[in-house]
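Here is what each chain is made of, one letter per residue.
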Amino acid sequence: MKKFASEFKAFIMRGNVMDMAVGVIIATAFGKITSSLVNEVFMPMLGWVLGTRDMTALNVVVREAVMDGETVVQEAITLGFGTFVGAVIDFILVAFVVFMIVKAFNKAHDLAEARKKNEEEPEEEAEEEEPKPTTEELLGQILEELKKSKSE
């Protein structure tokens, strides 16, 4: 049992699991923010455009509820377009923000790569700045070596 507990502890304390846990917690909090933005800002504006404050007014009742006094015999069937529109706006906002985060991360990564490349280039340039012998100079050196080898 102790071995199982220690293996479980090692699994939980891995970097990937901890990163995933942090991501889930932040995603949950972010979901609350976007839901509030949709429900408290965008939906009232959409309701104002459509002429109703209550987005449930956009629902279409397919069948009315059947009542027997105060007891519901059959519940109403309703198409909830207002809820659907809210979910679509919520999704679009989340997707847009995630897109912007990924775009910013990619730009930062590209800048870091460019900075790293610029740091490496001066060393390469210093090596390349040494004058390379021309073909005539190389042929002259070969000729001198041949003359030396003949005289020995």
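Look above for the structure.
Calculation rules
Residues numbered from 1 in each chain as written. Predicted model: local features only at pLDDT ≥ 70, side-chain atom pairs only at ≥ 80, totals over all residues. Heavy atoms only, no water. Helix = DSSP H or I, 4+ residues; strand = E, 2+ residues; numbered from the N terminus. Rg over C-alpha atoms; globule rule 2.2 N^0.38 Å. Buried < 20%, exposed > 50% of the residue type's maximum accessible area, 1.4 Å probe, protein only. Areas by Shrake-Rupley, 256 points an atom, 1.4 Å probe, with all protein chains shown as cover. Lys, Arg positive; Asp, Glu negative; His and termini not counted. Charge placed at Lys NZ, Arg CZ, Asp CG, Glu CD. Patch = residues over 30% accessible without salt bridge, like charges linked within 9 Å, V, L, I, M, F, W, Y side chains within 5 Å. Salt bridge = Lys/Arg side-chain N within 4 Å of Asp/Glu carboxyl O.

> Summarise the overall build of the protein; cite the residues concerned and give the values.
When helices and strands are counted, the protein shows four helices and four strands. Moving toward the C terminus, one meets the helices and strands of the protein in the order α-α-β-β-β-β-α-α. Expected size for 152 residues packed as a compact globule is a radius of gyration near 15 Å; at 36 Å, the protein overshoots this value by more than 25%. In terms of principal-axis extent, the alpha carbons of the protein reach across some 125 × 60 × 25 Å. Across the 152 residues that make up the protein, the buried fraction comes to 6%. With an accessible surface of roughly 13400 Å², the protein has 64% of that area assigned to carbon and sulfur atoms. Counting 16 positive and 26 negative side-chain charges, the protein places the averaged centre of each group 6 Å from the other.

> How would you sum up a negative patch on the surface? Please name residues and give values.
On the surface, Asp 110, Glu 113, Glu 119 and Glu 120 cluster together into a negatively charged patch. When you line up the elements, Asp 110 lands in helix α3 (residues 81-128).

> Please give an account of the environment of Ala 112 that cites residues and values.
Secondary-structure assignment places Ala 112 in helix α3. Ala 112 gets classed as partly exposed once you look at its relative accessible area, which sits at 39%. Distance in space between the C-alpha atoms of Ala 112 and Leu 138 is 42 Å, their sequence separation being 26 residues.

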